[in-house]
Amino acid sequence: YFRSAGVQVVCQRLAEYKRAGGFAFAAIAMAIAGGIVPDVLKFLTGVDRRLTLHRAGNLLFNTGLYAVSGTFSDAYYRTLNFFFRDTASISTVVAKVVVDQFVYTPMIGMTLIAVAYTWREHRFHPLATIRSFGVAWYISRVATLLVPCWAFWIPMTCLLYTLPASLNFVFATVAAAAAATVLLAVAERKIDRPPAPTHVATMPPPANLQAQSSPVY
């Protein structure tokens, strides 16, 4: 970005679209990056080329989930940039990364994604979903994924917050497409199985990245 005038022009144009589109642009952009792009990549690379109603339902769910996540992310970046200066100083970047990864991510970003997938595992039954919540649920669904999440998103947010504030969401959307590809591959291992007959939802082995870690989650 800093070395290419062409890249700067493209990024600024995207930032203008984002500014004009507001939350609607954020929802659509994140829905494409987090919901549609990973599924298309899985099809093109041969990981999963089944064309079924089940897959269409999963695609619809993921697209809706990331549309909601996009509005949360946009609201988060607006709030963050309200309290912090739009500078790339070391102190400002470090402060933003700390708030992002150690406050927003475990409390909202990853938790929102975990709640959504738990709801789907329980066939969208609200009471069964609510009963599964608790300390054990949070540890298995969120806490165990924080380290792999940080391994991806701490370097990404360090880069993100060196850019102008108007580009935060644009960069995060691109990064989310990569993270969501891994997240969906992991999360969907369990969807075809019925929920366990207990009040504590089971959890697939905590591996790889959690995408709405960053407010993109």
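Anything mentioned here points back to the structure above.
All of these numbers come straight from a predicted model, not from anything done at the bench. (Residues numbered from 1 in each chain as written. Predicted model: local features only at pLDDT ≥ 70, side-chain atom pairs only at ≥ 80, totals over all residues. Heavy atoms only, no water.)

Draft legend 1. Expanded view of the overall build of the chain. Each helix and strand counted, the chain has seven helices and zero strands in total. Across the chain, helices and strands are ordered from the amino to the carboxyl terminus as α-α-α-α-α-α-α. In the chain, which comprises 217 residues, the share counted as buried stands at 45%. (Helix = DSSP H or I, 4+ residues; strand = E, 2+ residues; numbered from the N terminus. Buried < 20%, exposed > 50% of the residue type's maximum accessible area, 1.4 Å probe, protein only.)

Draft legend 2. Region of interest: the packing of aromatic side chains. Throughout the structure, instances matching the rule amount to eleven aromatic pairs. Centroid distance tyrosine 76 to tyrosine 104: 4.2 Å. Interplanar angle 40 degrees. Geometry classified as tilted. Highlighted residues: tyrosine 76 in helix α2 (residues 53–83) and tyrosine 104 in helix α3 (residues 90–121), separated in sequence by 28 residues. Of the two residues examined, tyrosine 76 and tyrosine 104, each falls in the buried class. Pairing phenylalanine 82 with phenylalanine 83 gives two aromatic rings, centres 5.2 Å apart and planes at 90 degrees, and the pair type is edge-to-face. Like phenylalanine 82, the residue phenylalanine 83 is exposed in the burial classification. We note lysine 18 situated over the ring of phenylalanine 169; from NZ or CZ to the ring centre the distance is 5.7 Å. (Phe/Tyr/Trp six-rings, centres within 6.5 Å; stacked < 30°, edge-to-face > 60°. Lys NZ or Arg CZ within 6 Å of the ring centre and 35° of its normal.)

Draft legend 3. The arrangement of helix α1 (residues 5–44) in detail. Its 40 residues give α1 an end-to-end C-alpha distance of only 32 Å, which falls more than 12% under 58 Å, the value for a rise of 1.5 Å per residue. By the largest-angle criterion, glycine 22 marks the main kink of α1, which is about 115 degrees. (Expected span 1.5 Å × (residues − 1). Bend = angle between axes of the 7 residues up to and from the residue.)

Draft legend 4. A look at a nonpolar patch on the surface. A grouping of Val68, Phe72, Ile90, Val94, Val98, Phe102, Val103, Met107 and Ile108 is seen on the molecular surface, where their side chains present a nonpolar patch of about 820 Å² in accessible area. Secondary structure elements with two or more residues in the nonpolar patch: α2 and α3. Broken down by element, the nonpolar patch gets its largest block of residues, seven residues, from α3. Within the secondary structure layout, phenylalanine 102 lies in helix α3. When its relative accessible area of 43% is taken as the criterion, phenylalanine 102 is described as partly exposed. (Patch = residues over 30% accessible without salt bridge, like charges linked within 9 Å, V, L, I, M, F, W, Y side chains within 5 Å. Areas by Shrake-Rupley, 256 points an atom, 1.4 Å probe, with all protein chains shown as cover. Salt bridge = Lys/Arg side-chain N within 4 Å of Asp/Glu carboxyl O.)

Draft legend 5. A look at the environment of leucine 14. As for its position among the elements, leucine 14 is in helix α1. Sequence separation of leucine 14 and leucine 167 is 153 residues, and the distance between their C-alpha atoms is 8.2 Å.

Draft legend 6. Broad picture of unusual backbone geometry. A positive phi angle, close to 55 degrees, is found at arginine 123, a residue other than glycine. With respect to the helices, strands and loops of the structure, arginine 123 is situated in the loop between α3 and α4 (126–132). On the basis of relative accessible area, arginine 123 is assigned to the partly exposed category, the value being 41%. The backbone of phenylalanine 124 shows a phi angle near 65 degrees, a positive value even though the residue is not glycine.

Draft legend 7. Representation of the side chain of asparagine 168 within the structure. Structurally, the position occupied by asparagine 168 is in helix α7 (residues 168–187). Setting aside anything within four residues of it in sequence, one finds asparagine 168 in contact with Tyr77, Asn81, Leu160, Tyr161 and Leu163. (Contact = heavy atoms within 4.5 Å.)

Draft legend 8. Representation of the pattern of salt bridges in the model. Within this structure, the stated rule accounts for five salt bridges. Note that glutamate 16 is salt-bridged to arginine 13, the shortest N-O span being 3.9 Å. Of the two residues, glutamate 16 and arginine 13 are both situated in helix α1; the distance of three residues between them amounts to about one turn of the helix. The class for glutamate 16 is partly exposed, based on a relative accessible area of 41%.

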